[in-house]
Structure formats: structure tokens, C-alpha cells
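What follows is the residue order along each chain.
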Amino acid sequence: MEKTILDKAKEMQDWLVEHRREFHRHPELSFKEFRTSKIIKEELEKMGIETKAIGETGVIGLINGRESGKVIGLRADMDALPVQEDTGLDYTSENEGVMHACGHDAHISMLLGAAKLLSGMKNDFKGTVKIIFQPAEETGRGAKTIIEEGVLENPAVDVIVGMHIFADFPCGKIVLQEGPLMASSDTWKLEVIGKQAHGSAPWQGVDANVCAIAITQAFQTIVSRVNDARSPIVINVGTIKGGERFNITSGKVTMEGMNRSFNDEARKMIPVWMERVIKGICSAYDCEYNFKYDMLVGAVINDADVIKQLKESIGSFLGEENIIQVEKIMAGEDFSEYMINVKGAIMLLGAGNIEEDCIYSLHSDHFKIDENAMPIGVASYVQAAMDFLNK
Ligand SMILES: [Zn+2]
Ligand SMILES: [Zn+2]
């Protein structure tokens, strides 16, 4: 019987594990993925793949099939997080305070694996596979940066596919879900400015703390009373720092937060609603304010046609019963930036395993994956690419 793509990917398991652990041992923070970038470039060149640098640390590889045709982009992110690893693994991070706690080490390894397989199958497809290694996903600015540098051009990408590993879903399963899947992530900063006074005589000043507390509470009424409850949003006040001393009336409060939504209209309205509350309450409490809002990344809304094709491609070797649907995820992914201009979808790869203690969420200092998920990721990238290009 002829080998399936998954059989071929499984034969690479040791290679995938070795590479993933190497990246795991040497994690690098966003936009500082210099060592990672160098290794990726060398590995692609070993496979005979033409490479290009994009941004300071991004890498593109181009694999041309037997004749010209469409272009598919396959994307992996490369950066790690400022987390002190506490997994106890023997290939634990050697970089103090930095950890691949979001599984991007596996993403790199899987996309390299896919490149390796595809580079040996050039006669089996037409068109071009553009392999994209993206920096700085964790800041929400990596995709934007390399898009501005032209990653989707020359040759122009017709469709783009990404992947994220999750220990929340069992190893052996893959999430292929059309529509909203991951939330938008926008940050903000608010300064509430009052006037200091002796703590014994608050009427001589303007208490910024009291005003900031009223604003914080009123923000949550935007979620429950103003926003359409059928389309969830989160307004998160992450920090409130105010006042100078226990016996001084607070003259200033600084607040920071990050908001989430799945709906573009709600996303655009949140800062308007917030400012309405800020303005009204500051006026009532006689405070001034500065409000800065940064639209960081939009929601990941998977294209229905792309998901349909992925289900056919991946179902062909993994079985339809292993394609699952999940609740929407309130975390963000800057993969959404590519989809502003290009049709695409992100696949979520299960790598959970209770016996192996692979049960922790992304960004946890205990985050671990079942590495047996990696060949499934490789095969998914490869089969998806072949089927899109040959259609
Ligand atoms: Zn992350
Ligand atoms: Zn991630």
C-alpha cells in the first residue's frame, strides 16, 4: 500500500522532536529571535529551499512545484515568552526567565518538517508553497510588521494557513472551525488626574482614586448593559496604580487593560463606549483624563471555503471523527492580520495527554505538549498545501 502523508510525517518523528527540543532549550523573546532565525534559514537551505529574510528575524522559504500556479502561505510563529520555566523537563529552557510556553517551538519544528516533505515532492504539485516563519506573535505586532515588509507579495499569496498547538485538546484531534475562533486583542491606557491634598482635608483636592474606582465599575456595565449580549466582549482592567501615600489624597491613577471581542462592530465601539463613561465620570468627579487606545489585532475569523477544503484534506488521512469543534477562544492571535487581505484559516492542533501531564494552558510555566501531535501537524500542512495547489 502507498504511504500516506501522515506515514511519511510519522517517520520524521525523531527529527521533529530533536529540532523542537533544540528550540525549546534556546527560547528567544519577540523580535529577538536571531538564533532561531539563523537555524531555520540553515535548515531550509540544507533542504535546497530558496530563503529570504523578512523583517529583522523573519524567514521566508519558497518551494516551487512542477509548473507555475497558485501560491499558498504556510505560517509558523517563532517567539517565546518572558516566563520562568517550571516543567522539570530534561530539555528545559537554558535561557533564564524565557520559555517557549506557547508552543511556538513545536510550530517551527512542524513547519520545517512540512518544508522538508514538500521539497521532496515538487513533482506532485503545481504552484508555489511559501513557508513563512513570523517573529513576535506574542506582542501582536509581528504579523503586521512582516506584512508591511511585503510577506504576502512577490509572489502574491492566494490563501494562507496557520496552526496553533493546544494542550487543552487531546493529542490526535485537530480543530477545523469556520467563523470566529479567536478574539480580537486591543490594549488601552488611562490616566485619571485629580489634585493632591493633605489626607485629612480631601475637600481641598480632587481624589483620583475614587474617580478611577467608579470608572472601573462602570466599565463592566458596558459589557452587561451596552454591548449586545449575543456577541461576547471582555473589558479587562489589568492594573490600577494610584496615589502616593496613605495620608495624601490621590492626585493621579494610571490604569491599563486589554479588551476582547469577536465582532468588528463591537470592537470598534468599545473605545467609544469606554470614553463616554470616562468623560462622564471624570466630569462628575472633577477629574481630567488621558485615554490611549491601541487596536492591536482583530479576531481570527476562519474562512468557510478554506475550512471546507481543510476538512476534506485532513479528514482524508486523520479521519473525520478526529476533526473537532470547540468553544470560541477569548485569547488573540495575530494570524488575523494576514486574513485582512488574504483568505485563510488557522488550525488548532490537540497536544493534550493527561497521563503525560500535558494538561496546562498556553503561557503556563508548566506548559507541556504530547510530541506525538507533531507529525499530525506536519501532515496537515502538507496535505492542505497539495490539495489547495492542485485544485
Ligand atoms: Zn502565546
Ligand atoms: Zn502562540
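What counts and how
Every chain is numbered independently, its residues counted from 1 as its sequence is written. Labels follow written order: the first chain is A, the first ligand is 1, and so on. The predicted nature of this model means local features are confined to residues of pLDDT at least 70 and side-chain atom pairs, given and counted, to a pLDDT of 80 or more, with totals for whole chains, interfaces and linings taken over all residues. The side-chain quantities take in all heavy atoms of the structure and omit both hydrogens and water. To qualify as a helix, a DSSP run of H or I must reach at least 4 residues; to qualify as a strand, a run of E must reach at least 2; elements of each kind are numbered from the N terminus. Only C-alpha atoms enter the radius of gyration; for comparison, a globular chain is expected to reach 2.2 Å times N to the power 0.38, where N is the number of residues. Note on classification: 1.4 Å probe, protein chains only; a residue is buried when its accessible area is under 20% of the maximum for its type, exposed when over 50%, partly exposed between these limits. In what follows, residue pairs with any heavy atoms lying within 4.5 Å of each other are defined as contacts. Coordination partners: N, O, S within 2.8 Å of the metal, 3.2 Å for Na, K and Ca; water not considered, so apparent gaps in a site are possible. Two strands pair if DSSP finds at least two bridges between them. Every angle, taken between N-to-C directions, lies between 0 and 180 degrees, and every axis is a line fitted to C-alpha atoms, over only the stretch in contact when it is a helix. Here a polar contact is recorded for every N or O atom pair within 3.5 Å, except that within protein the pair must consist of a potential hydrogen donor and a potential acceptor, and residues adjacent in sequence are included only if both atoms are side-chain atoms. Here a site with four donors is tetrahedral if all angles are between 85 and 135 degrees, and a site with four or six donors is square planar or octahedral if opposite donors are over 155 degrees apart and the other angles are between 65 and 115; anything else gets the irregular label. Nine residue types can take part in a nonpolar core, namely buried Ala, Val, Leu, Ile, Met, Phe, Trp, Tyr and Cys, and a core is a set of them joined through side-chain atoms within 4.5 Å.

Asker: For this particular structure, what's the right way to read the overall build of the chain?
Answerer: The helix and strand inventory of the chain stands at 9 helices and 16 strands. For 391 residues, the compact-globule estimate of 2.2 N^0.38 gives 21 Å, and the C-alpha radius of gyration of the chain, at 24 Å, lies within 12% of that figure. Expressed along its principal axes, the backbone C-alpha trace of the chain runs to roughly 85 × 40 × 40 Å. Relative to its full complement of 391 residues, the chain shows a buried share of 56%. In the chain, the proportion of contacts linking residues at least 24 apart, taken out of those at least 6 apart, comes to 81%.

Asker: What should I look at first to understand the coordination of the zinc ion (ligand 2) in this one?
Answerer: For a metal with four donors in a tetrahedral arrangement, the ideal angle between donors is 109.5 degrees, while six donors in an octahedron ideally sit at 90 or 180 degrees. Surrounding the zinc ion (ligand 2) are the protein donor atoms Cys 102 (SG), His 104 (NE2) and His 164 (NE2), which sit 2.1 to 2.4 Å from the metal. Sequence spacing among the residues donating to the zinc ion (ligand 2) works out to C-x1-H-x59-H. Separating the zinc ion (ligand 2) from the zinc ion (ligand 1) is a gap of 3.2 Å, which Cys 102 spans by donating to each of them. Pair noted here: Cys 102 is in the loop between β3 (71-77) and α4 (104-119) and His 164 is in strand β5 (residues 159-170), with a separation of 62 residues, a long-range link.

Asker: Hey, could you run me through the sheet that holds strand β16 (residues 343-352) in this one?
Answerer: Sheets are built from strands paired through backbone hydrogen bonds, the pairs being either parallel or antiparallel. The mixed open sheet is built from 8 strands, whose spatial order is β1-β2-β4-β3-β5-β16-β6-β15. Both edges of this open sheet fall to β1 (50-54) and β15 (323-324), since each of them pairs with a single strand only. Pairing geometry for β1 and strand β2 (residues 58-64), over 5 bridges, is antiparallel. Its bridge partner lying in β2, Ala 53 is registered against Val 59. Across the sheet, α4 touches β2, β3, β4 (128-134), β5 and β16, and the angle it forms with β3 is around 150 degrees.

Asker: What is the right way to read the side chain of Glu 43 from this model?
Answerer: Tracing the backbone shows Glu 43 in helix α3 (residues 34-46). At 3.2 Å, the side chain of Glu 43 and the side chain of His 19 are in polar contact. Excluding residues within four positions of it along the chain, Glu 43 makes contact with Trp 15, His 19 and Leu 112.

Asker: When you look at the coordination of the zinc ion (ligand 1) in this model, what are you seeing that I'm missing?
Answerer: The zinc ion (ligand 1) binds to the protein through Cys 102 (SG), Glu 138 (OE), Glu 138 (OE) and His 363 (NE2), with metal-donor distances spanning 2.0 to 2.7 Å. Around the zinc ion (ligand 1), the 4 donor atoms are arranged such that angles at the metal cover 54 to 149 degrees; this shape is classified as irregular. Cys 102 gets classed as buried once you look at its relative accessible area, which sits at 5%.

Asker: Could you clarify how one ought to interpret the nonpolar core in this entry?
Answerer: Side chains of nonpolar character tend, in soluble globular proteins, to be buried together. In this structure, Leu 74, Val 129, Phe 133 and Leu 310 are the most contacted members of the largest nonpolar core, which totals 96 residues. It is helix α9 (residues 374-390) that provides the largest number of residues to this core, a total of 11 residues. If near-sequence neighbours (up to four positions away) are discounted, Phe 133 is found in contact with Ile 40, Leu 44, Gly 58, Val 59, Ala 76, Met 78, Ile 108, Leu 111 and Leu 112. Counting 27 residues, the second largest nonpolar core, distinct from the first, contains Ile 233, Val 253, Trp 273 and Ile 278.

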